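Here is how the chains run, residue by residue.
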Number of protein chains: 2
Amino acid sequence: LDYQHVQVPFEITLWIMLASLAKIGFHLYNKLPSVVPESCLLIFVGLIMGGIIYGLNDRSPPVMDSDIFFLYLLPPIVLDAGYFMPSRPFFENIGTILLYAVVGTIWNVFGIGFSLYGICQVKAFRLQDVSLLHNLLFGSLIAAVDPVAVLAVFEEIHVNEKLHILVFGESLLNDAVTVVLYKLFRSFCEMPTIKSMDVFAGVGKFFVVGLGGVLVGLSFGFTAAFTTRFTKDIRVIEPLFVFLYSYLSYLTAEMFHLSGIVAIISCAMGMKRYVEANISLKSHTTVKYFMKMWSSVSDTLIFIFLGVSTIGENHEWNWPYICFTVIFCLIWRALGVLVLTFFVNRFHVNTITSKDQFIIAYGGLRGAICFSLVFLLPDFHRKKLFIAATTVVILFTVFVQGMTIRPLVDLLAVKRKRESAPTVGEQIHIRFLDHLLAGIEDISGHWGQYYWKDKLEYFNSKYLQKILLREYDQPKSSIVLLYEKLERKHAIELAQAGQLGHGPAHPSFLCSAFLCSNSDRTVRTDQKLEDTLNPDVLDNMQEILARNLYRIRRTGPAYNRHTLPGDSEPTEQAKEILILRHKNL
Amino acid sequence: LDYQHVQVPFEITLWIMLASLAKIGFHLYNKLPSVVPESCLLIFVGLIMGGIIYGLNDRSPPVMDSDIFFLYLLPPIVLDAGYFMPSRPFFENIGTILLYAVVGTIWNVFGIGFSLYGICQVKAFRLQDVSLLHNLLFGSLIAAVDPVAVLAVFEEIHVNEKLHILVFGESLLNDAVTVVLYKLFRSFCEMPTIKSMDVFAGVGKFFVVGLGGVLVGLSFGFTAAFTTRFTKDIRVIEPLFVFLYSYLSYLTAEMFHLSGIVAIISCAMGMKRYVEANISLKSHTTVKYFMKMWSSVSDTLIFIFLGVSTIGENHEWNWPYICFTVIFCLIWRALGVLVLTFFVNRFHVNTITSKDQFIIAYGGLRGAICFSLVFLLPDFHRKKLFIAATTVVILFTVFVQGMTIRPLVDLLAVKRKRESAPTVGEQIHIRFLDHLLAGIEDISGHWGQYYWKDKLEYFNSKYLQKILLREYDQPKSSIVLLYEKLERKHAIELAQAGQLGHGPAHPSFLCSAFLCSNSDRTVRTDQKLEDTLNPDVLDNMQEILARNLYRIRRTGPAYNRHTLPGDSEPTEQAKEILILRHKNL
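Residues numbered from 1 in each chain as written. Chains lettered and ligands numbered in written order. Predicted model: local features only at pLDDT ≥ 70, side-chain atom pairs only at ≥ 80, totals over all residues. Heavy atoms only, no water.

(A) Spatial organisation of the overall build of chain A. Broken down by element type, chain A carries 24 helices and zero strands. The 585 residues of chain A split such that 52% are buried. A separation of at least 24 residues holds for 81% of the contacts in chain A among residues at least 6 apart in sequence. (Helix = DSSP H or I, 4+ residues; strand = E, 2+ residues; numbered from the N terminus. Buried < 20%, exposed > 50% of the residue type's maximum accessible area, 1.4 Å probe, protein only. Contact = heavy atoms within 4.5 Å.)

Set out below in C-alpha cells:
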C-alpha cells in the first residue's frame, strides 16, 4: 500500500465525491430542499464530518485554507455568476447596485466598527484591549455580503428579477470595497502612526481596485473572444479558452492587488456574446454545463468546509461581543438599506417598495469570504474572538435568515419572478422600445442609459465585432438566434417523439408524401406535390415561403438603428430563392 | 505585485495556455499537420522553450516531474482512450493484443536487456560497469510501447481498424507487464542476492497486477453507473461522476501497486453503456467533449514537456550504447512481431498480412512513460547514460518513425479505415450474424468468442441492467439508439437549414399544408390532407406508418436471443396506434 504517493489527488477527489453524493442525497428526498436551503444542509454535513474528525483524532479538524478558497473555490462560482448574469436588469440597475455596494458597505463597516468599539468600552464586558482599529478591521470583514451565500439562497426563492439583481449585484461588487478597506485597516494595524495621507491614498484605492479589475477583466475577455476566432479547425479545445482566460484575469487581478471578483465578472460579461458567436454549439453546451457543474461543486465544498472548520478549538467565546456583532450587523444593514433606498427612490420612477427593501436588508447573508478573511488576519491576542464572532454571524445568517427568508417572501407576497421566458414577440417589442427611447433621449439631449446603450451597440457593431467575430459578414440579432434555438429545440422534440415524418435511413413513400422539406429531395417532392395540390395553392405557398421564412432568417441587421431598412440585401436574396425554386420546378 | 501568492495556479494556467495556443497555431497553417505529426511539432516547441529557459537561467530547465505525469497528465489520456475504445474490434482481437502485450513485451525486455549486456562486454566501449540487472532494468523501461505516442501518430494516419486496435491495444495493456518487470528489476538491483522464489513471485505478480487492475476498474465503473441512477433531479453534476470514479479507480490501483492504466480502461469500458443510458443528452455531450478536451491538452503538455526536459545537462553521451539501444529496439520488436504473428496466423482465418506486420513493428513508438520511468530510477552512476539513451530512443521513434510512417502507409497501400460509418442496415446484419454464430457455436459445443459474448449479454440484460439502469423497463437496443441519434441529427440539420417547415412561433398556412406531423396538430392536419390527397393514398400511408415507423422504435428487445420474437407487444402496440389514428380522423 503506497498511500503517500497518491494522497493529494486522492483526498481532493474524495472530498469532491462526498460533496456530490451529499447533493444527490438531498435531492433524493424531495421535500427536504423545499424547506431547508441546501447551504444549511451542507454546513450540517460539514459539522458532522468535523465532529467525526475531531472525535477520532482528538484535535481540531483542518480549517479551510484561505488560499485554497480564494484561488480555487471562489473563481468558478464568480465566473458562473458573471457568465450567466442577466445583463439587462444588471445594467438597468447599475447605479443602485453601485450605491449599495460602495456607500452601503462603507456605511456598514464604519457603523459596525464604531458601535462594537462602543461596546468594548463597557468595563463589565472585559473587552477594553480591543482597539478601535481592530474593531474597524473586524467590521471591514464582517460587513461584506457574500455572493456564494446569497446565490445559494436566492436561487431557490425565485424573487423578481430586479430584487434578485440588487442583492446579488451588491454582493459581487462590494468585493472591491471590502478588499480595499480590509487591506487598509490591516496595514494601519501594523503601522506605528497613521498619517492623513494614508487615509486619502486609501480612498483613491477604491477606484484603482475597482476600475483596475474591470480593465483587467475586459482585456482578458476580449483576448479570449479574439482567440476563439481561430479555433474553427480544432473545436475540441474551444471551451478551454473560456476557462483559461477568465481564470487568468482573476489571478492577474489578485496579483496586482486589484479586485479579482470584479475582474472575472467583467471578463465573463465582456467575452460572452463574442465567444458564443464564435464557438460551436456543442462547445457552448460544454462551456455552460461545465461552468454550472464546477460552480455547483465549489459551492458545495465551500459550505461543507465551513461546517468542518467550525468544529474545533479556534474559538474564544465572549457573549456580549458576539451577540452585539449579530445585532449590529442586522441593524446597520437595515438602516443602510432604508437610507440609501430613500435617495434612490427620489430619482427613479420605478421605485423599490418597502417589501423589497425588507428582503434586501434581510438577504444580506455572510459566508465563506468573511470566514477566509478572518483566518488571514495577522496573529494577535483576540483573533480567536473574531473567529468565533464571524462563525456565529455566518451560521446565524445562513441558518436563521436563510431558512426564514422563503416563508417571509411568501408571507409578504413579494413579487415573484415570472415563470415563463418572454416570447419572441415581447422581445421584439422591448427592443423596439429601447430604440425609441434612445431616439427620444438623443433628441432631448439627455444622456440616459438608453443613449449610452445605443452608443455602445454602435461601437460594438462598428469596431468590436469586426475584430472579435469570425464571420462578421453574418451578424445575427439575438432574436434571430433565439428563433433558431427554439426551432432547433422543436426539431429535437419532433425527432424524439418520432414525428419527424421520415428517418434518414428510410426514404420510403412516407417521406415524399408527408414531409418533403429536405433540400436534396426538393425536386422530387415538388413534383409529387404538384400532382396532389392545385397550382394556386402552390403559388401561395411559395410566396409565403419567400416572404416569411427566408426573411426572418435574414433580418438581423435591420434591428440595428444604424443600418437603413431599405438595404437591398434581403429582397434580393428573396428573389434569388424564388428564381432558384422556379428553376427546380 | 504579489506573484508568490498566485504562482502555482498562474504558471499551470500559462502552460496550458501555451499548449492550447501552440495547437491553434499549427492548425492555422493547414499544410503543416498533414506532413509533420503534431507530436513532433510540440516536442519542437518544447525544445525551443527549453532552450530559451536554459539560455536565460544558464541552468537546466526543470524536467517533467514523474508524479505530475503519472498522477495528472496520463489519466485523462487513458480515460479518453478507454471511453472511446471501439469495443467490437478490441474484443475480437483481445487474444492477439494480449499476446503482443504480454509475451511481446517480455520478449523485448529480455532481448534488449541481454543484447545490451553483450555490448557492454566489449572493452573498447568502456561500459563494463553496467551490470546485467541494470541492463534488464533499462530494457524493461525502454521496451514498452507508449499509448500517448501511438495515439498521436495513429489517429492521423487512419489505418484500418484492426491494425489500429492491435498497436493501440498492445500499448495500453503492456502497462501491467512493464510495471511488474520494472519494479521487479528495480528491487532486484537493491537486493544483495536474488532467490529463485523472488523470480516466481514476480511471474505471479503479472496476473495480480493485470487482473487486479481490471477488478478495481470494473468495480468503480459499476459504482459509477449505479450512482448515475439517482442523478435525475440534479443533472448538472452528472458528468462529474464519470470523471471522479474513473480517476479514483486509477488512483486506487496505483495505491495498491496494480496497473492504473488497466484499471481506468476497465472502468471506462465498464461504465460507458450504463452511464450513457442514465445521463441526459447534454450531460453526455459534456462528458465526451470534456474528455476529448482534457486528453488533448494533457497530450499537448506531455509532448511540450518532453521537449523542454530534453534540454539540459542530465545526459551522459556514449555513442555505442545509445546507437545499439536504438538498433536493438527496432530489431527485437520486428523479430517479436514476426514470430508472434506467425503463431497468431496459424489459428486465425483472418490473418495479419505482412504489410500489417511491418506497420505494427514500425509503429512501436516510445514516449513519455519511458521518460518518466527513467527519471524514477534510483540514483546510480550510469543513470545519466540511461536518460540520454531513453531520450534518443523517444526522439528517434517520434520524429523518424512518426514522420515516415504516413508515407510508408501510402507506399505499401496498407488497407485504410473506411471513411463512412456502417449504415443501420449493415449493423443489423452484423448483429444478426453474431446471433447466428453464437447459435452455431452453442450447438457445436465450441466455446468461442460469440458464445461468451452472448452469455455476457444475457447476464447483462438479466442482472446488471436491472441494477445499474434507471429506467429498466425500456431497454433500448444500440441500433434503436443509433436510429434515434441519426434522426435527431437530421432534425437539427433541417432546423438549421430552415427547412423544418414551420417554426414554433409561426403556425402559419405552411405548417398545415406542408409538414404537419406535430402531434397536437395531427387532427387538423389530417383533415386538411384528406381534402387534398385521395383516400387510398392516405390508407396506404397509415399502413406504412403503423408497420414501419412504430415498429422500428419498439423492436429493441427482439434482438435479444433470449426473448422470443413472438412476444405480443409490438403488434398490439401497432394496433393501438392504428385505432388511435382512426379515432382522430
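(B) Examining the environment of threonine 223 of chain A more closely. Inspection of the secondary structure assignment puts threonine 223 of chain A in helix α10 (residues 196-227). Overall, the relative accessible area of 36% leaves threonine 223 of chain A in the partly exposed class.

(C) Structural context of the domain arrangement of chain A. Residue and element names in this part refer to chain A. Once the domains are mapped, chain A shows domain 1 (64-293 + 319-385) and domain 2 (423-483). In this complex, domain 1 contributes 17 residues to the contact, which on the side of domain 2 involves 14 residues. For the pair domain 1 and domain 2, the two sides together bury roughly 1,200 Å², of which 43% comes from carbon and sulfur. Residue aspartate 434 pairs with arginine 88 through a salt bridge whose shortest N-O separation is 2.9 Å. (Domains from an automatic or database assignment. Buried area = accessible area lost by both parts, 1.4 Å probe. Salt bridge = Lys/Arg side-chain N within 4 Å of Asp/Glu carboxyl O.)

(D) A look at the side chain of serine 171 of chain B. All names here are of chain B. The topology assignment puts serine 171 in helix α9 (residues 161-190). Relative accessible area serves as the criterion here: at 1%, serine 171 is assigned to the buried category. A polar side-chain atom of serine 171 sits 2.6 Å from the main-chain carbonyl oxygen of phenylalanine 168. Leave out the neighbours within four places in its chain, and serine 171 touches Val145, Asp146, Pro147 and Val150. (Polar contact = N/O pair within 3.5 Å; in protein donor to acceptor, adjacent residues only side chain to side chain.)

(E) Region of interest: unusual backbone geometry. Residue and element names in this part refer to chain B. The phi dihedral of histidine 257 falls on the positive side, at around 60°, and the residue is not glycine. What makes histidine 257 partly exposed here is its relative accessible area of 33%. Here alanine 413, not a glycine, exhibits a phi torsion of approximately 55°, which is positive. With respect to the element layout, alanine 413 can be found in the loop between α17 (383-412) and α18 (424-444).

(F) Spatial organisation of helix α6 (residues 94-120) of chain A. End to end, α6 of chain A covers 38 Å across 27 residues, agreeing with the expected 39 Å (1.5 Å per residue, within 8%). At glycine 104 of chain A, α6 of chain A is bent by approximately 30°, the largest bend along its length. (Expected span 1.5 Å × (residues − 1). Bend = angle between axes of the 7 residues up to and from the residue.)

(G) View of a nonpolar patch on the surface. Residues and elements named next belong to chain A. Nonpolar side chains collect at one region of the surface, where Trp107, Ile327, Leu330, Ile331, Leu335, Leu338, Val339, Phe342 and Phe343 lie side by side and expose about 770 Å² of accessible area between them. At eight residues, the largest contribution of residues to the nonpolar patch is made by helix α14 (residues 319-347). Among the structural elements, leucine 330 can be located in helix α14. A residue is classified by how much of its surface remains accessible, and leucine 330, at 34% relative accessible area, is partly exposed. (Patch = residues over 30% accessible without salt bridge, like charges linked within 9 Å, V, L, I, M, F, W, Y side chains within 5 Å. Areas by Shrake-Rupley, 256 points an atom, 1.4 Å probe, with all protein chains shown as cover.)

(H) Structural view of the confidence of the model for chain A. Residue and element names in this part refer to chain A. Residues of chain A with pLDDT of at least 70 account for 83%, and the chain-wide mean is 80. When mean pLDDT is compared element by element in chain A, helix α11 (residues 238-255) scores highest at 93, while helix α21 (residues 509-515) scores lowest at 35. Note that residues 502-531 has pLDDT below 50 and, in this model, 57 contacts with residues that lie over four places away or in other chains. Taken together, the stretch residues 547-570 has pLDDT below 50 and engages in 36 contacts with residues farther than four places along the chain or on a different chain. Confidence metrics for the complex model read pTM 0.79 and ipTM 0.77. (pLDDT = per-residue confidence, 0-100.)

(I) Representation of the pattern of salt bridges. Summed over the entire model, instances satisfying the criterion amount to 26 salt bridges over all chains. In this structure, glutamate 92 of chain B and arginine 88 of chain B form a salt bridge, with 3.4 Å as the shortest nitrogen-oxygen distance. Highlighted residues: glutamate 92 of chain B and arginine 88 of chain B, both in helix α5 (residues 87-92), separated by four residues, approximately one helical turn. Classification of glutamate 92 of chain B as partly exposed rests on a relative accessible area of 35%. Arginine 88 of chain B sits in the partly exposed class, given a relative accessible area of 32%. For glutamate 238 of chain B, the salt bridge goes to arginine 235 of chain B, with nearest N and O atoms at 2.6 Å. Exposure remark for glutamate 238 of chain B: the relative accessible area of 0% places this residue in the buried category. Accessibility expressed as a relative area gives 28% for arginine 235 of chain B, which makes it partly exposed. Look at the salt bridges and you will find they share partners, linking Arg88, Glu92, Asp434 and Lys453 of chain A into a network.

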